[in-house]
Amino acid sequence: MERYRLNEQACETLLEQSMCPVNLLSFPDQTRCVVTCEGTTLSVQGCENKKRTVWHLYKQSDQLTLEWADPYTAHPDVTELLAAIETALVYYPNQEKLYLSAPIKQCGELFNSGVVVKAESGRDVVYVELFWQQARVWLSSSRSQPYPIYPVFSHGCRHPLRPPKPAGTVYRRYITWLGRTLSFRTVDLATDLACFSRWMNDPVVAEFWQETGDLAKHRSYLEGIQSDPHVINLIACLDDEPFGYFEIYWAKEDRIAPYYDVDNFDRGWHVLIGEPHLRGKPFVTAWLPSISHYLFLDDDRTQRIVIEPRADNHKMMRNLAQCGYALLKEFDFPHKRAMLGMLLRERFFAEQLWVPRSTLPLHSVYLS
């Protein structure tokens with residue numbers, strides 16, 4: 001299948017075109033690391049312990065290899081290895097696998113979790129499709145096992161009991177083409193109400209959300225969301241600068257459920273981008289794949305993400321299609337004519353849809 005992606009050669013020259021180091025941030029296991037790339041040398045430094053380790057990253061024929069090259073340390077820490085792997089796969093985005101040459105002290109943990117796989121040749125291999133499903137690299141906290149299934153009845157349907165809502169930052173990812181860290185954190189009424197109210201009264205946002213009003217109305221709105229166990233509201237930030245608002249939901253208990261064959265762990269989302277200077281193609285290519293990534297990482301049993309924008313929101317349709325969502329059908333909600341969009345877990349990871357793709361323009365969008 002032909003893929004419209006960033007040109008691989010252009011991406012790879014990020015390592016080769018300049019003598020100046022290129023820095024990237026990584027957050028494995030909630031540990032902040034600065035990774036510096038210069039030529040084929042890659043160094044990882046922990047921001048807390050200041051420990052620095054050195055790797056070689058090189059490509060021969062079609063094989064990409066990450067090699068441990070630190071003569072002063074016997075074994076790399078897991079966090080250092082995860083940060084180095086993420087960086088290698090970010091700068092070579094079209095690779096399907098990465099060969100690893102390193103003394104892996106914690107080999108059992110890495111092999112058991114799928115970070116590293118032993119190939120038939122005996123070599124240690126990191127498969128991209130497996131690595132990008134490692135919640136510990138991007139989620140601020142990840143459960144050691146899925147939340148147990150306990151059937152309950154609410155919203156007129158039988159569904160699994162949902163886990164407690166998270167608090168604080170839930171997802172972080174460094175966006176290379178912006179040079180900034182994208183994060184999602186839960187809404188804090190004390191600090192976010194004024195900003196949320198301003199966004200809702202923006203004419204561009206109000207056209208789709210239709211929730212203009214004063215602080216009292218918007219406080220009541222947010223309190224309603226926070227009291228609903230099937231919805232979580234998030235603030236999107238770039239380097240801690242708030243710019244957008246998301247509502248993510250379990251589809252089984254949502255208004256969308258009657259309109260398709262819903263599964264227990266399907267997820268969905270709504271979004272508004274409130275800051276005009278952070279709208280546009282470079283930002284859409286950061287947050288749209290990232291919210292999909294977060295929802296797939298949050299529960300491994302989530303196989304589909306659904307979305308239901310207004311059917312006349314043509315910019316949104318293009319954005320969704322370019323980010324892997326299939327546009328399945330139009331249908332009628334009581335309040336709008338909607339389009340059902342769906343993204344499959346298998347497609348997202350197999351086609352590496354966290355990488356910007358398509359030569360068509362992307363646009364900022366607002367969902368009602």
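Our structure's up above, just so we're on the same page.
It should be emphasised that the depicted structure is a prediction, and the values quoted were computed from it without experimental measurement.

How each quantity is defined
Residues numbered from 1 in each chain as written. Predicted model: local features only at pLDDT ≥ 70, side-chain atom pairs only at ≥ 80, totals over all residues. Heavy atoms only, no water. Pairing = 2+ DSSP bridges. Helix = DSSP H or I, 4+ residues; strand = E, 2+ residues; numbered from the N terminus. Axes fitted to C-alpha atoms, helices over the stretch in contact; angles between N-to-C directions. Contact = heavy atoms within 4.5 Å. Buried < 20%, exposed > 50% of the residue type's maximum accessible area, 1.4 Å probe, protein only. Phe/Tyr/Trp six-rings, centres within 6.5 Å; stacked < 30°, edge-to-face > 60°.

The next thing to look at is the sheet that holds strand β15 (residues 267-273). The eight strands are arranged β11-β12-β13-β14-β15-β16-β18-β17 in an open sheet whose pairing can be described as mixed. Both edges of this open sheet fall to β11 (169-175) and β17 (326-332), since each of them pairs with a single strand only. With strand direction ignored, the average angle separating the axes of adjacent strands in the sheet is 25 degrees. Contacting β12 (180-186), β13 (231-238), β14 (241-250) and β15, helix α6 (residues 189-200) runs over the sheet at an angle of about 85 degrees to β14. In the packing of helix α8 (residues 215-226) onto the sheet, the strands contacted are β13 and β14, and the crossing angle to β14 comes to about 45 degrees.

Below, the discussion takes up the pairing of β11. With respect to burial, β11 is a largely interior element, five of its seven residues being buried. Where β11 meets β12, six bridges bridge the pair, whose relative direction is antiparallel. Paired with T169 across the bridge in β12 is R185. Between β11 and the antiparallel strand that follows it, β12, lie four residues; G179 among them carries a positive phi value of about 65 degrees.

Time to look at unusual backbone geometry. Residue D239 is not a glycine yet carries a positive backbone phi of 50 degrees. Examined against the element boundaries, D239 turns out to sit in the loop between β13 and β14. Looking at D239, the relative accessible area reads 42%, which means it is partly exposed. Residue Q352 is not a glycine yet carries a positive backbone phi of 55 degrees. Along the chain, Q352 turns up in the segment after α11 (345-350). Among the residues examined, Q352 registers a relative accessible area of 4% and is labelled buried.

Going through the model one piece at a time under the given rule, you end up with 23 aromatic pairs. Geometrically, the ring pair formed by W132 and W138 is stacked, given 4.5 Å between the ring centres and 25 degrees between the ring planes. Across the pair, exposure class does not vary: W132 and W138 are buried alike. Where F246 meets W287, the ring centres are 5.6 Å apart and the plane angle is 70 degrees; that geometry is what we call edge-to-face. Of this pair, F246 sits in strand β14 while W287 is found in helix α9 (residues 281-298), placing the two residues 41 residues apart along the sequence.

Attention now goes to the pairing of strand β5 (residues 63-68). By the bridge criterion, six bridges tie strand β4 (residues 52-60) to β5 in an arrangement that is antiparallel. Bridge pairing in β5 places K59 opposite L64. With antiparallel pairing between neighbouring strands as the criterion, β4 and β5 make up a hairpin whose turn holds two residues, including S61 at a positive phi of roughly 55 degrees. Where β5 meets strand β6 (residues 97-101), three bridges bridge the pair, whose relative direction is parallel. When the bridges of β6 are listed, L66 appears paired with L100.

Honestly, it's all geometry; don't read function into it.
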